[in-house]
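A closer look at the structure
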Amino acid sequence: MPNKLRWGVVATGGIADVVTGDLLLLPDVEVLAVSSRALPKAESFAAKHRIPRAYGDYADLLADPDVDVVYVATPHVQHHAVTRAALEAGKHVLCEKPATLTLPDLQDVVDLARERGLFFMEAIWTRFNPLIVRMAELVAAGEIGEVRSVRADFGFTLEHDPAHRLWNKALGGGSLFDLGIYPVSFAHLLLGEPETVEAHGRMVDGVDAEIGMLLGYPGGAHALLGSSLVSPLKSGAVVYGTRGLVEVPEAVFNPSRIVVNGVEHRHEQEGAGYVPQLREVVNRVRAGETESPSMRPAESLAILRTLTRAAERVGLTYDDVAVG
């Protein structure tokens, strides 16, 4: 393996721009290539980030023998096709959340990565936030006793525009899979996969404009979660235990402070906050490992099962969405 792990970035949207900026902060990484369906966009992105190679088709990027790892940042509906193609090309993959919109598609890429001996991870950066890691450690050590309830939300108001990706079913729109995945992942981290999933929400143009979820666990433990495109939800979280509580006052997806039984914990963010996740990928790939223990493919499957069960409750499905 070369001195620097060489990355290719598929897509040039906002998330790709921010994550690429954080990739460039890692000393043992080279962002070698970028692709976009519109070559001028790829060239402009490459010029901004000083990336030496720009491609007008992701297939050309995947055919580049010098690319070791691919970061998939396309719209959700394209995640499965691009990830599968990258694995078939022998590339390790970090794919933006949700890694796929359906369970069969996710199982497909998980199985393929295992078959090829390649690293694959869904990019839920929250799992690598130092405060979330610290919170999980303190909870596991019994700092707040037994976890009985989790409350978490993520939402904002977004003017209805059928062309916007979050309102467009053909692009995998809706609040649940884009925003609600963070509260659901947060609950899974603390309580695991639920026994029962109830949900109530409102559909607009075939996608969920808002949704509230009740996840049930053995012995009465539960999680109350929400996501919305029509309400400015607080986007924080509270974890209630038998001997105390953890408060995440804001940005449950990337907190800068938490409060554990009245004691505040803070951390200085690296870059835009994606550095810990990206460093994890680099370290695991260099070590010849195919999974991260902090975000295993099995965990991605469990989270997607919960999302799918909640989606079914409000009539949301992506089975009829064309992908590619």
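See the structure printed just above.
I will try to describe carefully the structure that is included in this document. (Residues numbered from 1 in each chain as written. Predicted model: local features only at pLDDT ≥ 70, side-chain atom pairs only at ≥ 80, totals over all residues. Heavy atoms only, no water.)

A word on the nonpolar core
Grouped together as the largest cluster of nonpolar side chains are 107 residues, with contacts concentrated most on Trp7 and Phe186. Examining the composition of this core, we find that 9 residues originate from one element, helix α7 (residues 175–191), more than from any other. (Core = buried A, V, L, I, M, F, W, Y, C linked by side-chain atoms within 4.5 Å. Buried < 20%, exposed > 50% of the residue type's maximum accessible area, 1.4 Å probe, protein only. Helix = DSSP H or I, 4+ residues; strand = E, 2+ residues; numbered from the N terminus.)

Focus: the pattern of salt bridges
Going through the model one piece at a time under the given rule, you end up with 24 salt bridges. In this structure, the salt-bridge partner of arginine 6 is aspartate 68, at a minimum N-O distance of 3.1 Å. Of this pair, arginine 6 sits in strand β1 (residues 5–10) while aspartate 68 sits in the loop between α3 (58–62) and β4 (69–72), placing them 62 residues apart in sequence. Arginine 6 sits in the buried class, given a relative accessible area of 19%. Judged by relative accessible area, aspartate 68 falls into the buried class, the value being 15%. The salt bridge involving aspartate 108 is made with arginine 84; its shortest N-O contact spans 2.7 Å. Of this pair, aspartate 108 sits in helix α5 (residues 103–116) while arginine 84 is found in helix α4 (residues 79–88), placing the two residues 24 residues apart along the sequence. Owing to a relative accessible area of 23%, aspartate 108 belongs among the partly exposed residues under this scheme. The structure contains a network of salt bridges with shared partners spanning Arg6, Arg53, Asp64, Asp66 and Asp68. (Salt bridge = Lys/Arg side-chain N within 4 Å of Asp/Glu carboxyl O.)

A word on the sheet that holds strand β12 (residues 244–248)
Spatial strand order, β8-β9-β10-β7-β11-β12-β13-β14: 8 strands in an open sheet with mixed pairing. Here the strands that pair on one side only, and so sit at the sheet edges, are β8 (196–204) and β14 (263–266). Averaged over all adjacent pairs, the angle separating strand axes in this sheet is 10°, with direction ignored. Pairing analysis gives 7 bridges linking strand β7 (residues 147–155) to strand β10 (residues 222–228), with the strands arranged parallel. Looking across to β10, one finds that phenylalanine 154 is bridged to serine 227. Running at roughly 55° to β8, helix α9 (residues 297–314) makes contact with β8 and β9 (207–216) of the sheet. (Pairing = 2+ DSSP bridges. Axes fitted to C-alpha atoms, helices over the stretch in contact; angles between N-to-C directions. Contact = heavy atoms within 4.5 Å.)

Re the sheet that holds β4
Taken in spatial order, the 6 strands line up as β3-β2-β1-β4-β5-β6 in an open sheet, and their pairing is parallel. Every other strand in the sheet has two partners, leaving β3 (53–55) and β6 (120–123) as the edge strands with one partner each. The average undirected angle you get between the axes of adjacent strands in this sheet is 25°. Pairing of strand β2 (residues 29–35) with β3, which is carried by 3 bridges, proceeds in the parallel orientation. Bridging across to β3, alanine 33 finds its partner in arginine 53.

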